[in-house]
Amino acid sequence: MEHWAAGGPHRTGSGSEILDGDPSGPGGERRADPRLSSADPADAYAPCIPGILELTRVHNYGAAWSSLSGKVVVLLVVTGALMVAVAWLLIKKIVRHPLGVTAGLFLLGGGLGNMIDRVLRGYVVDMLDCTFIEFPVFNVADCFVVCGTIAALVYYIWIYPNTDAKNWEKDH
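Residues numbered from 1 in each chain as written. Predicted model: local features only at pLDDT ≥ 70, side-chain atom pairs only at ≥ 80, totals over all residues. Heavy atoms only, no water.

A closer look at the sheet that holds strand β3 (residues 45–49)
Spatial strand order, β3-β4-β5: three strands in an open sheet with antiparallel pairing. The sheet is open, and its two borders are formed by β3 and β5 (124–130), each paired with just one other strand. Direction aside, neighbouring strands of the sheet carry axes that sit 35° apart on average. Pairing of β3 with strand β4 (residues 53–60) involves four bridges; the strand directions are antiparallel. Considered in β4, the bridge of Ile 49 is made with Leu 53. Along the sheet, helix α2 (residues 98–121) makes contact with β4 and β5, crossing β5 at roughly 130°. (Pairing = 2+ DSSP bridges. Helix = DSSP H or I, 4+ residues; strand = E, 2+ residues; numbered from the N terminus. Axes fitted to C-alpha atoms, helices over the stretch in contact; angles between N-to-C directions. Contact = heavy atoms within 4.5 Å.)

A few points about the packing of helix α1 (residues 72–91) against α2
It is the contact of α1 with α2, at a shortest axis distance of 10 Å, that shows an interaxial angle of 155°. One element, α1, and the other, α2, form an angle in the roughly antiparallel class. Here α1 runs over α2; the crossing is left-handed. When α1 is examined against α2, the residues Val 72, Leu 75, Leu 76, Thr 79, Gly 80, Met 83, Val 86, Ala 87 and Leu 90 are found in contact with a partner set consisting of Gly 100, Val 101, Gly 104, Leu 105, Leu 107, Leu 108, Gly 111, Leu 112, Met 115, Arg 118 and Val 119. (Parallel < 35°, antiparallel > 145°, perpendicular 65-115°, else oblique. Left-handed = near helix turned anticlockwise from the far one by under 90°.)

So, helix α3 (residues 140–159)
Its 20 residues place the ends of α3 27 Å apart at the C-alpha level, agreeing with the 28 Å of an ideal helix rising 1.5 Å per residue. Within α3, burial applies to Ala 141, Gly 148, Ala 151, Tyr 155 and Ile 159. Buried residues of α3 fall within an arc of 95° about the axis and therefore sit on the same side. N-cap assignment for α3: the residue whose side-chain oxygen lies 3.0 Å from the backbone N of Ala 141 is Asn 139. (Expected span 1.5 Å × (residues − 1). Buried < 20%, exposed > 50% of the residue type's maximum accessible area, 1.4 Å probe, protein only. Arc of directions from axis to C-beta. Polar contact = N/O pair within 3.5 Å; in protein donor to acceptor, adjacent residues only side chain to side chain.)

Structural notes on the packing of α2 against α3
It is at 7 Å that the axes of α2 and α3 come closest, and there the two elements cross at 155°. The orientation of α2 relative to α3 falls into the category roughly antiparallel. The two elements α2 and α3 meet at a crossing, and its hand is left-handed. Residue-level contacts link Leu 99, Gly 100, Ala 103, Phe 106, Leu 107, Gly 110, Gly 111, Gly 113 and Asn 114 of α2 to Ala 141, Asp 142, Phe 144, Val 145, Cys 147, Gly 148, Thr 149, Ala 151, Ala 152, Val 154, Tyr 155 and Ile 159 of α3.

Notes on α2
The terminal C-alpha atoms of α2 lie 34 Å apart, and with 24 residues this matches the ideal 34 Å at 1.5 Å per residue to within 8%. Taken together, the buried positions of α2 are Gly 100, Ala 103, Gly 104, Gly 110, Gly 111, Asn 114, Asp 117 and Arg 118. Against β4, α1, β5 and α3 lie the buried residues of α2.

A look at the packing of aromatic side chains
By the definition in use, this model includes six aromatic pairs. Judged by centre distance (5.7 Å) and plane angle (80°), the rings of Trp 65 and Phe 135 are edge-to-face. Linking Trp 65 in the loop between β4 and α1 with Phe 135 in the loop between β5 and α3, this pair joins segments that are 70 residues apart in sequence. For the ring pair Phe 135 and Phe 138, a centre distance of 6.0 Å and an interplane angle of 80° mean the geometry is edge-to-face. Taking relative accessible area as the criterion, Phe 135 reaches 32% and is therefore assigned partly exposed. (Phe/Tyr/Trp six-rings, centres within 6.5 Å; stacked < 30°, edge-to-face > 60°.)

Keep in mind that these numbers describe shape and distance, not what the molecule does.
As C-alpha coordinates, this is what we get:
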(Lines give C-alpha, C1' and ligand atoms only; values in the text may rest on other atoms or scores of the structure.)
Protein backbone atom coordinates (compact mmCIF):
# COMPACT_ATOMS: atom_id res chain seq x y z
CA MET A 1 0.00 0.00 0.00
CA GLU A 2 1.37 3.46 -0.87
CA HIS A 3 0.80 6.81 0.80
CA TRP A 4 1.86 10.12 -0.66
CA ALA A 5 3.99 12.38 1.47
CA ALA A 6 7.42 13.96 1.36
CA GLY A 7 7.25 14.43 -2.39
CA GLY A 8 6.53 10.83 -3.29
CA PRO A 9 5.09 7.53 -2.20
CA HIS A 10 6.27 5.59 0.78
CA ARG A 11 5.17 2.13 1.76
CA THR A 12 3.12 1.92 4.92
CA GLY A 13 2.07 -1.67 4.39
CA SER A 14 5.70 -2.56 5.00
CA GLY A 15 6.29 0.24 7.49
CA SER A 16 8.00 2.61 5.05
CA GLU A 17 11.74 2.40 4.59
CA ILE A 18 12.41 1.46 8.17
CA LEU A 19 11.23 -2.12 7.88
CA ASP A 20 12.92 -4.81 5.91
CA GLY A 21 11.21 -6.80 3.16
CA ASP A 22 9.27 -9.01 5.61
CA PRO A 23 7.15 -6.72 7.78
CA SER A 24 6.11 -9.37 10.24
CA GLY A 25 8.24 -11.07 12.79
CA PRO A 26 7.23 -14.00 14.93
CA GLY A 27 3.56 -13.66 15.82
CA GLY A 28 2.95 -11.04 13.11
CA GLU A 29 4.32 -8.02 14.99
CA ARG A 30 6.23 -5.35 13.09
CA ARG A 31 10.00 -5.60 13.05
CA ALA A 32 12.32 -2.64 12.67
CA ASP A 33 15.11 -2.95 10.13
CA PRO A 34 18.27 -3.70 12.17
CA ARG A 35 20.36 -1.63 9.69
CA LEU A 36 18.80 1.58 10.98
CA SER A 37 20.33 3.42 13.86
CA SER A 38 18.47 5.66 16.28
CA ALA A 39 20.62 8.49 14.88
CA ASP A 40 18.52 8.51 11.70
CA PRO A 41 15.48 10.64 12.70
CA ALA A 42 14.01 10.71 9.19
CA ASP A 43 13.18 7.02 9.43
CA ALA A 44 11.51 6.91 12.84
CA TYR A 45 8.55 4.53 13.20
CA ALA A 46 6.46 3.37 16.14
CA PRO A 47 3.17 1.48 16.24
CA CYS A 48 0.61 3.42 18.24
CA ILE A 49 -2.87 1.88 17.93
CA PRO A 50 -2.53 -1.40 15.98
CA GLY A 51 -4.52 -1.39 12.76
CA ILE A 52 -5.56 2.25 13.24
CA LEU A 53 -2.61 4.61 13.81
CA GLU A 54 1.15 4.41 13.41
CA LEU A 55 3.71 7.10 14.09
CA THR A 56 5.89 7.34 11.01
CA ARG A 57 8.25 10.28 10.56
CA VAL A 58 8.02 11.71 7.06
CA HIS A 59 9.66 14.86 5.73
CA ASN A 60 7.06 16.67 3.63
CA TYR A 61 8.60 19.23 1.27
CA GLY A 62 5.21 20.26 -0.12
CA ALA A 63 1.70 21.04 1.04
CA ALA A 64 -1.32 18.72 1.11
CA TRP A 65 -0.66 15.51 -0.80
CA SER A 66 2.85 16.86 -1.50
CA SER A 67 1.49 19.54 -3.84
CA LEU A 68 3.99 22.32 -4.56
CA SER A 69 6.76 20.02 -3.38
CA GLY A 70 10.06 21.87 -3.07
CA LYS A 71 8.49 25.33 -3.40
CA VAL A 72 9.25 26.50 0.15
CA VAL A 73 9.13 30.23 -0.62
CA VAL A 74 5.76 29.96 -2.39
CA LEU A 75 4.32 27.96 0.50
CA LEU A 76 5.66 30.43 3.06
CA VAL A 77 4.27 33.44 1.17
CA VAL A 78 0.83 31.89 0.63
CA THR A 79 0.60 30.61 4.22
CA GLY A 80 1.79 33.96 5.57
CA ALA A 81 -0.73 35.92 3.48
CA LEU A 82 -3.61 33.69 4.58
CA MET A 83 -2.55 33.96 8.22
CA VAL A 84 -2.37 37.77 7.99
CA ALA A 85 -5.89 37.82 6.48
CA VAL A 86 -7.29 35.61 9.24
CA ALA A 87 -5.51 37.64 11.94
CA TRP A 88 -6.92 40.86 10.43
CA LEU A 89 -10.47 39.45 10.55
CA LEU A 90 -10.00 38.60 14.22
CA ILE A 91 -8.23 41.83 15.24
CA LYS A 92 -10.77 44.06 13.48
CA LYS A 93 -13.53 42.01 15.16
CA ILE A 94 -15.19 41.28 11.85
CA VAL A 95 -15.49 37.76 13.19
CA ARG A 96 -17.02 37.83 16.69
CA HIS A 97 -19.02 34.64 17.06
CA PRO A 98 -17.20 32.00 19.18
CA LEU A 99 -17.23 29.44 16.34
CA GLY A 100 -15.70 31.94 13.92
CA VAL A 101 -13.06 33.01 16.43
CA THR A 102 -12.22 29.38 17.24
CA ALA A 103 -11.96 28.58 13.53
CA GLY A 104 -9.61 31.52 13.02
CA LEU A 105 -7.43 30.54 15.96
CA PHE A 106 -7.24 26.94 14.75
CA LEU A 107 -6.19 28.16 11.30
CA LEU A 108 -3.56 30.47 12.78
CA GLY A 109 -2.22 27.77 15.10
CA GLY A 110 -2.00 25.11 12.43
CA GLY A 111 -0.54 27.49 9.87
CA LEU A 112 2.03 28.77 12.36
CA GLY A 113 3.03 25.24 13.36
CA ASN A 114 3.68 24.20 9.77
CA MET A 115 5.33 27.54 9.00
CA ILE A 116 7.80 27.13 11.90
CA ASP A 117 8.77 23.68 10.61
CA ARG A 118 9.16 24.99 7.07
CA VAL A 119 11.32 27.97 8.14
CA LEU A 120 13.55 26.03 10.56
CA ARG A 121 13.89 22.78 8.61
CA GLY A 122 12.86 23.50 5.02
CA TYR A 123 10.15 20.84 5.30
CA VAL A 124 7.23 19.89 7.54
CA VAL A 125 7.53 16.85 9.77
CA ASP A 126 4.48 14.62 9.35
CA MET A 127 4.00 11.69 11.69
CA LEU A 128 0.38 10.53 12.00
CA ASP A 129 -0.24 7.58 9.70
CA CYS A 130 -3.81 6.23 9.66
CA THR A 131 -3.44 2.61 8.62
CA PHE A 132 -7.15 1.79 8.36
CA ILE A 133 -7.57 4.02 5.27
CA GLU A 134 -5.44 4.99 2.30
CA PHE A 135 -4.40 8.52 3.31
CA PRO A 136 -1.19 10.57 3.41
CA VAL A 137 0.80 10.90 6.61
CA PHE A 138 -0.05 14.18 8.38
CA ASN A 139 0.71 16.10 11.58
CA VAL A 140 -1.15 17.82 14.42
CA ALA A 141 -0.91 21.24 12.73
CA ASP A 142 -2.67 19.75 9.68
CA CYS A 143 -5.49 18.59 11.99
CA PHE A 144 -5.88 22.16 13.25
CA VAL A 145 -5.94 23.55 9.69
CA VAL A 146 -8.57 21.02 8.54
CA CYS A 147 -10.78 21.43 11.64
CA GLY A 148 -10.40 25.23 11.43
CA THR A 149 -11.36 25.21 7.75
CA ILE A 150 -14.45 23.08 8.36
CA ALA A 151 -15.48 25.26 11.31
CA ALA A 152 -14.87 28.41 9.21
CA LEU A 153 -17.09 27.07 6.41
CA VAL A 154 -19.87 26.19 8.87
CA TYR A 155 -19.52 29.63 10.44
CA TYR A 156 -19.49 31.51 7.14
CA ILE A 157 -22.39 29.63 5.53
CA TRP A 158 -24.79 29.32 8.48
CA ILE A 159 -23.76 31.72 11.25
CA TYR A 160 -22.06 34.80 9.77
CA PRO A 161 -25.06 36.04 7.73
CA ASN A 162 -27.28 36.06 10.84
CA THR A 163 -24.82 37.44 13.39
CA ASP A 164 -21.51 39.07 12.51
CA ALA A 165 -22.59 40.41 9.10
CA LYS A 166 -25.42 42.35 10.74
CA ASN A 167 -23.06 43.62 13.47
CA TRP A 168 -20.53 44.71 10.81
CA GLU A 169 -23.21 46.64 8.88
CA LYS A 170 -24.43 48.29 12.10
CA ASP A 171 -20.90 49.36 13.08
CA HIS A 172 -20.00 50.80 9.65
